[in-house]
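Here are the chains, one letter per residue:
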Amino acid sequence: MGNSGGSLTTRSTGELHPLMRAAGFTDIGDTQALVEGWQVTDFADAGRRSLAELVQQTREPAIMVSFLDSDVGFIEALTPDGTSWEGLLNRETAKSYEIPLERFPIEPAVAGALAWSAAAGLTPDEEAIRQTLTGSALFAEELSSALLVALGLPSAT
């Protein structure tokens, strides 16, 4: 079992890499532009407060998914006003890894995702969010892409 990095999605009008480095992200990959200034960037590792520091710097909402062997995804999301939530992708696989699922209850994650999405100015799909948070896939990255679409980010595939 090892860490296979993560993915950060945020809005930014400028170059995101220097801000990510300053916030403690390492081995930052290429950035994929989505719509309305949203960007997705892969990274190898992040510090404990990297997401909060990045949101504070950019004053924009952000969502980060950290992957465990591409099997499980740990979600953290934050907006500048402090709206935050966390969740888990690929619950059945997480269970086989003996990750305590009770630390990632579904209903608070769905409610948090809806609030985060609204605070980010997006239009979420509640049922799609729920399906993503309870679904399974061969790779957690597939669920992460589906989550971005469910949160209201078009072209997030």
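All of the points below concern the structure found in this document. (Residues numbered from 1 in each chain as written. Predicted model: local features only at pLDDT ≥ 70, side-chain atom pairs only at ≥ 80, totals over all residues. Heavy atoms only, no water.)

**Regarding the packing of aromatic side chains**
Let me state the cut-off plainly: Centres within 6.5 Å make a pair out of two Phe, Tyr or Trp rings, where for Trp the six-membered ring is used; the pair is then stacked when the planes are under 30 degrees apart, edge-to-face when over 60, and tilted otherwise. Secondary structure follows DSSP: runs of H or I at least 4 residues long count as helices, runs of E at least 2 residues long count as strands, and numbering of each begins at the N terminus. When accessible area is computed with a 1.4 Å probe and restricted to protein chains, residues below 20% of their type maximum are described as buried, those above 50% as exposed, and intermediate ones as partly exposed.
According to the stated counting rule, one finds three aromatic pairs in the structure shown. With a centroid separation of 5.9 Å and an interplanar angle of 55°, the aromatic rings of Phe74 and Phe104 are classed as tilted. You can see Phe74 sitting in strand β5 (residues 72-78) and its partner Phe104 sitting in the loop between α3 (91-96) and α4 (106-119), a full 30 residues away along the chain. By relative accessible area, which is 8% here, Phe104 ends up buried.

**Some details on the pairing of strand β3 (residues 38-43)**
Note the threshold: We call two strands paired when DSSP finds no fewer than two bridges between them.
Counting buried residues along β3, five of its six residues qualify, which places the element largely inside the surrounding structure. Counted between consecutive antiparallel strands, the loop separating strand β2 (residues 31-33) from β3 contains four residues, among which Glu36 sits at a positive phi close to 50°.

**Quick notes on the packing of α4 against helix α5 (residues 126-134)**
Stated precisely, the cut-off is as follows: Axes here refer to lines fitted to C-alpha atoms; in helices the fit is confined to the stretch in contact. Angles between the N-to-C directions go from 0 to 180 degrees. An angle below 35 degrees is read as roughly parallel, one above 145 as roughly antiparallel, one from 65 to 115 as roughly perpendicular, and any other as oblique. The handedness criterion is simple: a crossing whose near helix is rotated anticlockwise from the far helix by less than a right angle is left-handed, and one whose near helix is rotated clockwise is right-handed. Contacts: residue pairs with any heavy atoms within 4.5 Å of one another. In this classification, Asp, Glu, Lys and Arg are treated as charged, Ala, Val, Leu, Ile, Met, Phe, Trp, Tyr, Cys and Pro as nonpolar, and every other residue, Gly included, as polar.
Packing of α4 against α5 brings their axes to within 10 Å, and their N-to-C directions diverge by 135°. Judged on the interaxial angle alone, α5 and α4 are oblique. Note on packing geometry: the crossing formed by α4 with α5 is right-handed. Seen from α4, the contacting residues are Ile106, Glu107, Ala109, Val110, Ala113 and Leu114; seen from α5, they are Glu126, Ile129, Arg130, Leu133 and Thr134. When its residues are assigned to classes, the contact of α4 with α5 shows seven nonpolar, one polar and three charged.

The values reported here are purely geometric and, on their own, carry no functional implication.
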